[in-house]
Amino acid sequence: MRRTSASLAAGALVAALAWASAPATPASALDPATGVADLATDINKILADSRLTIARAGVVVKSASTGEELYATDAGKLLTPASNTKLFTAAAAAETLGLDHRFTTSVLSSGRKVGSVLTGDLVLRGTGDPTVLAEDYDRLAAAVAGKGIKLVTGRLVADDTWFDGQRLGNDWSWDDETAYYAAPISALTASPDRDYDAGSVIVSVAAAGSEVKVSTTPETNYLTIVNRAKVGAETDVLIERQHGTRTVVITGTVADPYQEWVAVDDPTAYVSSLFRKALAKHGVKVLGPTTAAAAPSGAIELAEHESMPLSELLVPFMKLSNNIHAEILTKAMGRKVAGQGTWAAGLKVSTDFAKANGVQVINMRDGSGLSRRDGFTPTSITQLLSAVRGKPWFPAFYDSLPIAGEPDRFVGGTLRSRMRGTPAAGNVRAKTGSLTGVTALSGYVTSADGEPLVFAIMLNQYLSGSPKDIEDKIAIRLAQFSRTHATADLRSVSPSASTGADLECSWLKPVSC
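Predicted model, so just to flag it, every value in this text is computed and none were measured.

A.B. asks: Which parts of the structure should I look at to understand the sheet that holds strand β6 (residues 122–126)?
C.D. replies: Backbone-to-backbone hydrogen bonds join strands into a sheet, with any given pair of strands oriented parallel or antiparallel. Reading across from one edge, β17-β8-β6-β3-β18 is the order of the five strands in this open sheet, with mixed pairing throughout. Bordering the open sheet on either side are β17 (290–292) and β18 (300–306), each of which pairs with just one other strand. Between one strand axis and the next, the sheet turns by 20 degrees as a mean value, whatever way the strands run. Sitting on the sheet, helix α4 (residues 134–146) is in contact with β3 (104–109), β6 and β18, with an inclination near 150 degrees to β18. The strands touched by helix α5 (residues 267–281) within the sheet are β3, β6, β8 (156–159) and β17, with β8 carrying the most contacts at an inclination of about 140 degrees.

Structural data, given as structure tokens:
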């Protein structure tokens, strides 16, 4: 169940205050310099892993309270951040849009109502809400019917002009075009469930006697389904939208129910089909065709839907590493600051915010980290993490980060199965990042002395065997770190097994972290 914004804010404040008050671990006293030296020795040993022999590894650890650098290797090297990029997007969005920001979706009338007839167009206008569900469009349709409208003589107009028409990031891989985690971006979109994977549809298969039955969530005829799957002894099925089309081809064998999240080709057209279907369900007939255009000036609002505030949206965004949220927030920032809902305008907002807060070197090509041309240094990430601690919205930002070893998906997020049973569990709050050959983990941890630390771990260009466990070992060691007490008895603690996948575990649906 989702928490309310008030309970989120309260929980975030408690967590942020508790972050700086962890108990110390009793043990034999040390010289403070020895504790720091031991930390460096141990991290160097962890990074000596053979998987990193030909790879690039950048790590920075700093005291959050004093700014002292406790450890650094390749701190100034520009590395691929993957979803660590979202740290910058979330922070800039909290600063620029504000935690109270809500996305609105409106139904407008450009004509005159005579009895039950609307003589003119019916306009559906969006501002990028990634949380709109099919049921929300149904409620908007019901509200139109509630105005006594039964017939629209004009068109159904989809107004997605709040953002520009560029649907995919400049550097995104072409073979991700059908993947839901790289869905096209539009000011009018829809999510299939409360993970809020905007721009996607869930396609499900199940064996029914000798046939394979196919269904979608939500129910829609927008996609053309070509079902070539057979009932078999095991489920080994491929559900894939053909590149550049609305056709989903299903092949293989099905024994047990299975489902796949599939990106639609055009979110605006998809939403228009959902809304037209909902209008018909509520007895509203639109005579004209569906078209995409800006709402005319002077159009009258008939109904409106508001999203949850950004303070709540940060949770599914950051906990589940939602790429589409990142890109929508980026374009929303561009729209607010420059009047342009574009990647270029939004990315300038993010980079300007970072630079204004002491971040020295970044190269942002998108808001999510899908681009392999995104570049950050470990130092730049720790600079951001340190700077935002003084922001009034920091508790919400801090609370949105995945928490190591916490089993609830909307608490532990992409770290829910990592570092369980270690001093890092329930302590480390950090953003994960994963692409093929790239992994990163950056965030906050409280040392054994109760000292707040910020850290950035970026591992690039490894060839095989995901080194996420290396990140976990470093994070655990930071949780054990003491300036004045020995921690040798704790160094034998190992991280629990974590996914070896090359993508964020939350992206690997239906099985996810």
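There is more to say, and it comes next.
A.B. asks: Help me out: how do you make sense of the pattern of salt bridges in this one?
C.D. replies: Between side chains of opposite charge, a pair can form when the charged atoms approach closely. Inspection of every chain in the model, using the stated rule, returns 25 salt bridges. Of the charged contacts, one joins R429 and D399 as a salt bridge, the two residues approaching to 3.7 Å between their closest N and O atoms. Taken together, the positions of R429 in strand β21 (residues 429–435) and D399 in helix α10 (residues 394–400) put the pair 30 residues apart, joining distant regions of the chain. Of the charged contacts in the structure, one is a salt bridge between E471 and R418, with a shortest N-O distance of 2.8 Å. Within this pair, whereas E471 is found in helix α11 (residues 468–480), its partner R418 is found in the loop between α10 and β21, the two being separated by 53 residues in sequence. A residue is classified by how much of its surface remains accessible, and R418, at 3% relative accessible area, is buried. One connected set of salt bridges, linked through shared partners, spans D49, R51, D469 and K473.

A.B. asks: In this structure, what is going on with the packing of helix α3 (residues 85–96) against helix α8 (residues 343–356)? I would like to understand it.
C.D. replies: Angle between the axes and distance between the axes are the two parameters that describe a pair of packed helices. Direction vectors running N to C along α3 and α8 enclose 90 degrees, while the axes themselves pass 9 Å from each other. Judged by the angle between their axes, α3 and α8 are roughly perpendicular. Residues F88, T89, A91, A92, E95 and T96 of α3 pack against V349, S350, F353 and A354 of α8. Each residue belonging to the contact of α3 with α8 can be placed in one class, and the counts come to six nonpolar, three polar and one charged.

A.B. asks: How do you make sense of the sheet that holds strand β10 (residues 211–217) when you look at a structure like this?
C.D. replies: Spatially, β10-β9-β15 is the arrangement adopted by the three strands of the open sheet, whose pairing is antiparallel. With one partner strand each, in any of the chains shown, β10 and β15 (258–263) form the two edges of the open sheet. Adjacent strand axes in the sheet meet at a mean angle of 25 degrees when their direction is disregarded. Across seven bridges, the pairing between strand β9 (residues 200–208) and β10 is antiparallel. In the sheet register, I202 faces β10, and the bridge partner there is T217.

A.B. asks: Would you take a moment to explain the pairing of strand β23 (residues 452–460) for this structure?
C.D. replies: Side-chain direction in a regular strand flips from residue to residue, so the side chains alternate between the two faces of the sheet. For β23, the buried fraction is high: nine of the nine residues fall into the buried class. Here strand β1 (residues 56–63) pairs with β23 via eight bridges, running antiparallel. Considered in β23, the bridge of R56 is made with N460.

Reading the values: the criteria
Per-chain numbering applies: the sequence of each chain, read as written, is numbered from 1 onward. This being a predicted model, a pLDDT of at least 70 is required before a residue's local features are given, and a value of 80 or more before pairs of side-chain atoms are given or counted; all residues contribute to the totals for chains, interfaces and linings. By convention in this description, side-chain values take in all heavy atoms of the structure and omit both hydrogens and water. Paired strands are those between which DSSP finds at least two bridges. Numbering goes from the N terminus for both helices and strands, where a helix is a DSSP run of H or I of at least four residues and a strand is a run of E of at least two. Only C-alpha atoms enter the line fits that serve as axes; for helices the fit covers just the stretch in contact. Angles between N-to-C directions range over 0 to 180 degrees. Contacts are residue-level and defined by heavy atoms, with any inter-residue pair within 4.5 Å sufficient. Any carboxyl oxygen of Asp or Glu that lies within 4 Å of a side-chain nitrogen of Lys or Arg is treated as forming a salt bridge with it. Only protein chains enter the area calculation, which uses a 1.4 Å probe; residues under 20% of their type maximum are buried, those over 50% are exposed, and those in between are partly exposed. Roughly parallel here means an angle under 35 degrees, roughly antiparallel means over 145, roughly perpendicular means 65 to 115, and every remaining angle is called oblique. Charged means Asp, Glu, Lys or Arg here, nonpolar means Ala, Val, Leu, Ile, Met, Phe, Trp, Tyr, Cys or Pro, and polar covers whatever is left, Gly included.

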